[in-house]
Amino acid sequence: MRDNNKDERDVMAKEESFSGKCFKKSILVTAVAAASYMGMAHAQESATAESDQALEEVVVTGTRATIQTTIDIKRNSTTIVDGMSANEIGDLPALSIGEALENVTGASSHRENGGATEISIRGMGPYLSATTINGRAASNGSGDRSVNFSQFPSELMNKIAIYKTQDASLIEGGVAGLIALETLKPLEYGEQRFQIDAKANINPNQANLDDPMAGDMGFRGSASYVDQFEFDNGMAFGVSLGFEKSDISQPESEMRSSSPSGSSRFACLYDPNNTNEGFFRASAGDCEDQIDGSSNQGYQTAVDPETGKAESDGTRYAFAPSSNGYRQNDTSDERDAVFVALQFQPNDKTDINFDLQQSERVQSEQRHDLNFANQKRTTPGVTAENLVFTDTGTVLEWAGETAIESNSETYARTEDYLGYGLNVSYDFTDNLTVSADYSFSETTRDEKQILLRTQSDNSNIFGDSTAAGYRPLVYWDMDSEIRQYTITDFDVNDHSLFSDEYRIRVDNDVDRRNSNEAFRTDFDLRLDGNFITAVRGGLRFSEQEYVDLGSARDTYEIDRGDDESEAALLAINEACAIAFPESDFMNAESDGSLITTVDENGNVIGRTSEWATFDTNCVADMVLNHLGESFAYPELDEKSANLTDVTETTTAAYVMADFFSSLAGTPVHGNVGVRVVQTEVESVGYRTPYTIITNSDGTYAMEEVEGADLERVSAGGDYTEFLPSFNLVADVRDDLLVRGAVYRGLSRPDPADLGYKRAFDTNGSDDIVDVADLLDGVSGDGNPNMKPLTSWNFDTAIEWYPNDDTMLAFGVYHKRFQGGFETAQVTETFEVDGQTIPAQFNITRTDEDTSALTGFEMTATHRFSYLPGYLSGLGAKASYNYADSDFEFEDSLYGDSVVLNEAGEVVSENIGIIAPGNIPGFSENVFSGQLYYQIGDLDTSLIYKYRSEYFQPYTSNGTRLRYVGDVGVWEMKASYRVSDNVRVSLEAINLFDEPKKQYFYTRDNLGELNSYGPRVFLGLKAKF
């Protein structure tokens, strides 16, 4: 029968010189490019020679087969596409779908816990991409549009592709591109097969841990079964089942600093003439607070009308965080996944497909922090005199008196994904196929934590006075690129010195649900015309629901001050103290010991890279027992002021025509179409109800309604967009193609940004005569009426295919964005007790600015099969993407912003001190290179993946700037086929322990460094 999924099967069937730490990459790029160039000189001759050889069928497997599918997918598509498929389930060359996608030209990942998670296309972040599984939209638990690809095992996926250009039939949402994942269809597979795949996980850093959560060795394994059943009456039924179980460790060592996502990092003034605030304040205290005046000041970006400049213009400043420190982290990552595909063909006209994917993942962590708590605090005569900082406000050296904490946490994230769909297609005639498709996907995520805080004090746990007191004198510098500390008269390995206020926080931190339900119907009409060869069209209706219940916290503490409490603290300290759980902590990143202890004269007492740690659960149990409390995570209310409840309803229709013709004797084909998209957003919130009181003197007051339930409120917006598309392919020669595409795309705001959380700050004056003055302000976040980001996109490419193992492709693209992001103070109106009250509120919105992105990408792959003997097994693949953009994303605290009146006119502005970021997730340079050797039963690969610096928004506050530094990661894979049915393998990622570095506000302000170490997998695969 006709294949109703033909479209998808066609696709699936200026950074500075790369020097320093990227030198290894340069060597590989040069080697691959030179080898490919020399090889291609022989390619045409080789192809001719091969065609003259005996007509013996050669079965290509392993890496060579995967690369050949990469070539086929690109060559046979109408749109510009890159991807790969596997002849066998589990043959995709990666440990997760995220790692597999990194091998696709122009794709790069964001890494968490050492593994690939979110994917960016052509240097543009996941916000600008869309993802489908078997042609259907996928959900996630992050509150954004990205998909956590580490949730999906590569062993149970069969094909992946990235659409770089689009046609009207594709689901909208990806300005950068569309990532398409596909599981196997059993009738198309055509043979019976049972397969098991087991891998042992060994991490060198895990060996440094005492009694790790995941044990000394991890495990991941999968089993799959495919079969077909044909009946005498012409019916056929196929089944494909897959199961994967994983229990591995992901140890992590961190240097940390408080993030800029909240109010814990300020630009403090460095002005010797200002002793009221800043680093030269006359008395000890936080540098952003004034001695005589307001708190949370620091550098003021508001424009002074008299000067036209920021109020603090010309004053030096430095960024001061609330805290700095280290984190030792032990992790366990457990995942169970099930994939099901059923295919039924009752006759030669009907095709019925059902598929289901389910994944349950639990990530657990045991964290131990050494925290220097008062890093904003100025110590007169010490801090300002020792402060060294750059022109961008990055502190390089600091000294002052600060409390020292030994904190611990237990953390667990549970994320479940369920997706399923039913597709029915029917051939009404030989030329007309109609299909209907229903799909549903849902991701739920919850995160729970228990947090322990202990800190230094004037007395130790036995009541004896300490030499350093509550706040020891601490000095740190960045000479070795990470913070290393010198402490006066305080031994961080002495448990008894952590004696003040044992505080336990029990957090129900995240409870989210994100679901997407959709129905679509399509027709495919083939024509016999000389120009138009087919017309396709369809309708799609979808409803996405995103619900985030916020968070809740219960706090329990025991303070010093009475004999009973001090006895309890002593008992807890002695019972719950544990040895530091890891040897060689941060050894690969530090220059010597992390901490040096000196006496009051500066003489060195000791050096260490460890600190006193405590068993979190032990402390929690004893604190709760002492207070007479029982343990329970706090409940989250589905009707609370913290709720984000967004429903996004989309209706789309498209029509598209395929054409075939010739131009100046050159065959050309392609498609032209338009997609119309209408989207409505409703956002629900809950707030405290108020009543408006009219006093006898004509004044007004606003009071809470005592004992009343929270009031349900809602807001929203809608938009309609037309998305035309045109794709053209010219067959210049049998081995040479030229492509072109023009299309308009859109990317929607993240669901988490569409919330409607509002809380009132009432005016308590007793002389209000205008209802409009009852509100002093409104707090909260979210913009339900945020518009999508749209762009016109222009692509062209030339591709050379001299033989089955060789491809050279070059493409240029340009994107013209309509809209950017800005922070604006606007006037919103609120209904209170029947009255309409205006109030100012800060929102992030899509503005009318235009910006552009221009880039090019290159891909080369070649196998040196013409070389003599064993050298004929060599092959190489390399891809590079460069992009440049003038897009600007302003930081909401220290970037440029505007204040608008009710008419939307700018009435005032703020002039920031932070350069704007680019497109979220934008990297100028993305590279991947693979050198493989496959001969006989041996198959090996060495892979390098590089991504330059990019801006990564926070999930909790996506309006603040955070940069992830450039990173290059080496991977290695080797397998040996013992027999036709058995293969052994060795795989390793992050071979050279490349850390992840995060920079806050500016590109040189290192706030966090995460070191993961290599991860190694030994595998055995058997199929029958």
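So, how was this worked out
Residues numbered from 1 in each chain as written. Predicted model: local features only at pLDDT ≥ 70, side-chain atom pairs only at ≥ 80, totals over all residues. Heavy atoms only, no water. Helix = DSSP H or I, 4+ residues; strand = E, 2+ residues; numbered from the N terminus. Rg over C-alpha atoms; globule rule 2.2 N^0.38 Å. Buried < 20%, exposed > 50% of the residue type's maximum accessible area, 1.4 Å probe, protein only. Areas by Shrake-Rupley, 256 points an atom, 1.4 Å probe, with all protein chains shown as cover. Phe/Tyr/Trp six-rings, centres within 6.5 Å; stacked < 30°, edge-to-face > 60°. Lys NZ or Arg CZ within 6 Å of the ring centre and 35° of its normal. Pairing = 2+ DSSP bridges. Core = buried A, V, L, I, M, F, W, Y, C linked by side-chain atoms within 4.5 Å. Disulfide = S-S within 2.5 Å. Contact = heavy atoms within 4.5 Å. Axes fitted to C-alpha atoms, helices over the stretch in contact; angles between N-to-C directions.

(A) Inspection of the overall build of the chain at higher detail. From N to C terminus, the chain includes eight helices and 57 strands. Since a compact globule built from 1024 residues should have a radius of gyration of about 31 Å, the 31 Å found for the chain is in line with a globular shape. The C-alpha extent of the chain, read off along each of the three principal axes, is 90 × 70 × 55 Å. Residues classed as buried in the chain amount to 58% of the 1024 residues present. Carbon and sulfur atoms form 49% of the exposed surface of the chain, whose accessible area is close to 40200 Å².

(B) Main features of unusual backbone geometry. Unusually for a residue other than glycine, Glu501 sits at a positive phi of about 50 degrees. Its place among the elements puts Glu501 in strand β26 (residues 500–526). Under the relative-accessibility criterion, Glu501 is labelled buried at 13%. Phi is positive for Tyr1001, close to 70 degrees, though the residue is something other than glycine. Mapped onto the elements, Tyr1001 comes out in the loop between β55 (996–1000) and β56 (1006–1011). Its relative accessible area of 0% is what places Tyr1001 among the buried residues.

(C) Structural detail: the packing of aromatic side chains. What the rule picks out here adds up to 35 aromatic pairs. Relative to Phe726, the ring of Phe659 lies with its centre 6.0 Å away and its plane at 10 degrees, an arrangement referred to as stacked. Of the two residues, Phe659 sits in strand β33 (residues 644–663) while Phe726 sits in strand β37 (residues 711–733), which places them 67 residues apart along the sequence. In this structure Phe726 comes out as partly exposed when scored by relative accessible area, which is 33%. Taken together, the ring pairs in this structure connect Tyr326, Phe372, Tyr485, Phe580, Phe585 and Trp611 into an aromatic cluster. Sitting over the ring of Tyr411, Arg367 keeps its end group 4.3 Å from the ring centre. Lys448 extends its terminal NZ or CZ atom over the ring of Tyr633, reaching a point 5.8 Å from the ring centre.

(D) Molecular detail of the sheet that holds strand β20 (residues 388–389). Strand order in the open sheet formed by six strands is β20-β21-β24-β25-β30-β31, and the pairing between neighbours is mixed. One side of each edge strand has no neighbouring strand; the edge strands of this open sheet are β20 and β31 (604–608). Across five bridges, strand β21 (residues 395–401) lies against strand β24 (residues 473–477) in antiparallel orientation. Bridged to Gly400 within β24 is Val474.

(E) Spatial organisation of the nonpolar core. Grouped together as the largest cluster of nonpolar side chains are 108 residues, with contacts concentrated most on Phe279, Tyr326, Val619 and Tyr894. Core analysis: the second largest hydrophobic core is formed by 20 residues, Ile768, Ala824, Ile843 and Val898 among them.

(F) Expanded view of the state of the cysteines. Per the counting criterion, the structure on display carries two disulfides. Note that Cys268 is cross-linked by a disulfide to Cys287, the S-S spacing being 2.1 Å. On the sign convention where negative means left-handed, the S-S torsion of about 65 degrees between Cys268 and Cys287 marks this disulfide as right-handed. Of this pair, Cys268 sits in strand β12 (residues 265–269) while Cys287 sits in the loop between β13 (285–286) and β14 (303–304), placing them 19 residues apart in sequence. Here Cys576 connects covalently by a disulfide to Cys618, the sulfurs 2.0 Å from one another. For the disulfide bridge between Cys576 and Cys618, the dihedral angle about the S-S bond is near -70 degrees, and by the sign convention the bridge is left-handed. In this pair, Cys576 sits in helix α7 (residues 563–576) while Cys618 sits in helix α8 (residues 616–627), placing the two residues 42 residues apart along the sequence.

(G) Geometry of the sheet that holds strand β6 (residues 159–163). Pairing is mixed in the open sheet, where five strands are placed in the order β1-β6-β7-β4-β5. The outermost strands of the open sheet, each flanked by one partner alone, are β1 (81–85) and β5 (136–137). The sheet contact formed by strand β4 (residues 129–133) and β5 spans two bridges and is antiparallel. Each residue of the ladder has a partner; that of Thr132, found in β5, is Ala137. Those strands touched by helix α3 (residues 62–76) are β1 and β6, and its axis lies near 145 degrees from that of β1.

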